[in-house]
Amino acid sequence: MSFSAVTKNELARVVGNKQCCRLAELAALIKMDGSVQINGMKKFSLNIVTENAAVARKIFTLLKNQFGLATEIMVRRKVRLRKNNVYLVRIPSQPGIDEIFKALGFAAGGFSFIEEGIVKDLISRDCCRKAYLRGAFLGGGSVNNPEGTYHLEIITDNLKHAEDLAKLMQHFSLPAKVSPRKNWYVVYLKGSEQIIDCLNLMGAHSALLDFENVRIYKDMRNQVNRLVNCETANLNKTVNAAVRQLENIKYLAETIGLDKLPKALREAAEYRLEYPDASLKELGELWDPPVGKSGVNHRMRKIERLAEKLRSRKEDHGPKQA
């Protein structure tokens, strides 16, 4: 089961304490996945479709508890495509169905059903805003596994609704953005801290802890990798410098002899020949009194310049071709 599905299953078990919160969540679910059907007798029925069984049970329970109308739930199996089952929660035409539309802020007898944006009366309190956000996520949201890239999104087919959802998140200091994707609009968050805050607002506390644990482990692993890479780079740098220093010292020994070098340079050359794998700091500790890393480096650079100077002279005074 994906991390997104686990998160939805947890949120489907969250029950709002107040009626206003339950109505806000139900309104979001219907806004995301619902449709109104009108027959020839101008009678209305309400259909809500989802691919998550836990979400279907929640919609069914909310409708029954809030309105007490006859509600059906049906399963359509996608055997051919080998995809998830589709669950249809349906309230057939019956007396009292208009009360659902009125309570959720939709019109009824005069048509003009679901508004483009969020009905403001449903999100007048912070508790209702959180409930609406939870319903919108259950209806069309997803969150990536934190092992990969950090990404949480809610997809809707209505631009005004997407903009209202982004404003709803921004009310809680979540920097949500809206992006078009084919015929849809995506409200998304990218940062790990933002996603954690959003999961907390919606009530997905177990998913939040799992997300945080994976994020911490991932950050520690990345930090260890950076340290290892840094140590490897430093080691390679040290080895390459030592090889270059040995080549210069051996060249000076073959051309002018190390005994012609000043005492400080001769000692540096002899220590490097004796300890070819030592770092500059370790070489400096061989002196009495000890010499700092910068002091040893300064002497090695002098040896290098001297070797380069001799090489240059040899090239300039080499045998001329006839």
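The sections below set out a description of the structure shown in this document. These numbers come from a predicted model, not from an experiment.

### Examining the overall build of the protein chain
Part 1: Scanning the protein chain from terminus to terminus reveals 11 helices and 8 strands.
Part 2: For the protein chain, the C-alpha radius of gyration of 36 Å lies well beyond 20 Å, the compact-globule estimate for 322 residues.
Part 3: For the protein chain, the spread of C-alpha atoms along the principal axes amounts to about 110 × 55 × 35 Å.
Part 4: Going through the 322 residues of the protein chain one by one, you find that 42% of them count as buried.
Part 5: Taking as baseline every contact in the protein chain between residues at least 6 positions apart, the subset at least 24 positions apart corresponds to 61%.
Part 6: Total accessible area on the protein chain is roughly 18700 Å²; 50% of this is exposed by carbon and sulfur atoms.

### Topic: the nonpolar core
Part 1: Leu63, Ile100, Tyr132, Leu152 and Met169 are the most contacted members of the largest nonpolar core, which totals 63 residues.
Part 2: For this core, the leading source of residues is helix 2 (residues 19–33), giving 9 residues.
Part 3: Sequence-distant contacts of leucine 63, defined by excluding residues within four places in its chain, comprise Leu26, Ile48, Gly68, Thr71, Val89, Ile91 and Ile100.
Part 4: Leu265, Leu283, Val296 and Met300 belong to the second-largest nonpolar core, a separate cluster that totals 18 residues.

### Quick word on the side chain of asparagine 47
Part 1: Locating asparagine 47 in the fold gives a position in strand 2 (residues 44–50).
Part 2: For asparagine 47, the side chain forms a polar contact with the side chain of arginine 90, separated by 3.4 Å.
Part 3: Excluding anything up to four places from it in sequence, asparagine 47 contacts Asp33, Gly34, Ser35, Gln37, Leu88, Val89 and Arg90.

### Here's the deal with the pattern of salt bridges
Part 1: Enumeration according to the criterion identifies 13 salt bridges in this entry.
Part 2: Here arginine 221 and glutamate 147 are joined by a salt bridge, their closest N and O atoms 3.5 Å apart. Within this pair, whereas arginine 221 is found in helix 8 (residues 205–255), its partner glutamate 147 is found in the loop between strand 5 (141–143) and strand 6 (152–156), the two being separated by 74 residues in sequence.
Part 3: Assessed through its relative accessible area of 33%, arginine 221 is described here as partly exposed.
Part 4: A salt bridge links arginine 181 to glutamate 153; the nearest nitrogen and oxygen atoms lie 3.0 Å apart.

### Let's talk about helix 8
Part 1: Between its first and last C-alpha atoms helix 8 spans 74 Å; for 51 residues at 1.5 Å apiece the expected length is 75 Å, and the two agree.
Part 2: Glycine 257, located one to two residues past helix 8, shows a positive phi value of around 85°.

### Observations regarding the pairing of strand 6
Part 1: For strand 6, the buried fraction is high: 4 of the 5 residues fall into the buried class.
Part 2: Of the strand pairs in this sheet, strand 5 and strand 6 are connected by 3 bridges, and their pairing is antiparallel. Along strand 6, the bridge assignment pairs glycine 141 with isoleucine 154.
Part 3: For strand 6 and strand 8 (residues 184–189), the ladder comprises 5 bridges, and the chain directions are antiparallel.

### Re the packing of aromatic side chains
Part 1: Taken as a whole and judged by the stated rule, the model has 3 aromatic pairs.
Part 2: Between the aromatic rings of tyrosine 150 and phenylalanine 211, the centroid separation amounts to 5.7 Å while the plane-to-plane angle is 45°, which identifies the pairing as tilted. Here tyrosine 150, found in the loop between strand 5 and strand 6, pairs with phenylalanine 211, found in helix 8; they are 61 residues apart in sequence, far enough to count as distant.
Part 3: According to the relative accessible area criterion, tyrosine 150 is buried, its value standing at 18%.
Part 4: Taking relative accessible area as the criterion, phenylalanine 211 reaches 0% and is therefore assigned buried.

### Section: the sheet that holds strand 7 (residues 177–181)
Part 1: Ordered in space as 5-6-8-7, the 4 strands form an open sheet in which the pairing is antiparallel. Pairing within the sheet leaves two strands with one partner each, and these edge strands are strand 5 and strand 7. Put simply, the sheet's adjacent strands are angled 25° from each other on average, direction ignored.
Part 2: In this fold helix 7 (residues 192–202) packs onto strand 5, strand 6 and strand 8, with an angle of close to 65° to the strand it touches most, strand 6.

Reading guide: rules and limits
- Residues numbered from 1 in each chain as written.
- Predicted model: local features only at pLDDT ≥ 70, side-chain atom pairs only at ≥ 80, totals over all residues.
- Heavy atoms only, no water.
- Helix = DSSP H or I, 4+ residues; strand = E, 2+ residues; numbered from the N terminus.
- Rg over C-alpha atoms; globule rule 2.2 N^0.38 Å.
- Buried < 20%, exposed > 50% of the residue type's maximum accessible area, 1.4 Å probe, protein only.
- Contact = heavy atoms within 4.5 Å.
- Areas by Shrake-Rupley, 256 points an atom, 1.4 Å probe, with all protein chains shown as cover.
- Core = buried A, V, L, I, M, F, W, Y, C linked by side-chain atoms within 4.5 Å.
- Polar contact = N/O pair within 3.5 Å; in protein donor to acceptor, adjacent residues only side chain to side chain.
- Salt bridge = Lys/Arg side-chain N within 4 Å of Asp/Glu carboxyl O.
- Expected span 1.5 Å × (residues − 1).
- Pairing = 2+ DSSP bridges.
- Phe/Tyr/Trp six-rings, centres within 6.5 Å; stacked < 30°, edge-to-face > 60°.
- Axes fitted to C-alpha atoms, helices over the stretch in contact; angles between N-to-C directions.

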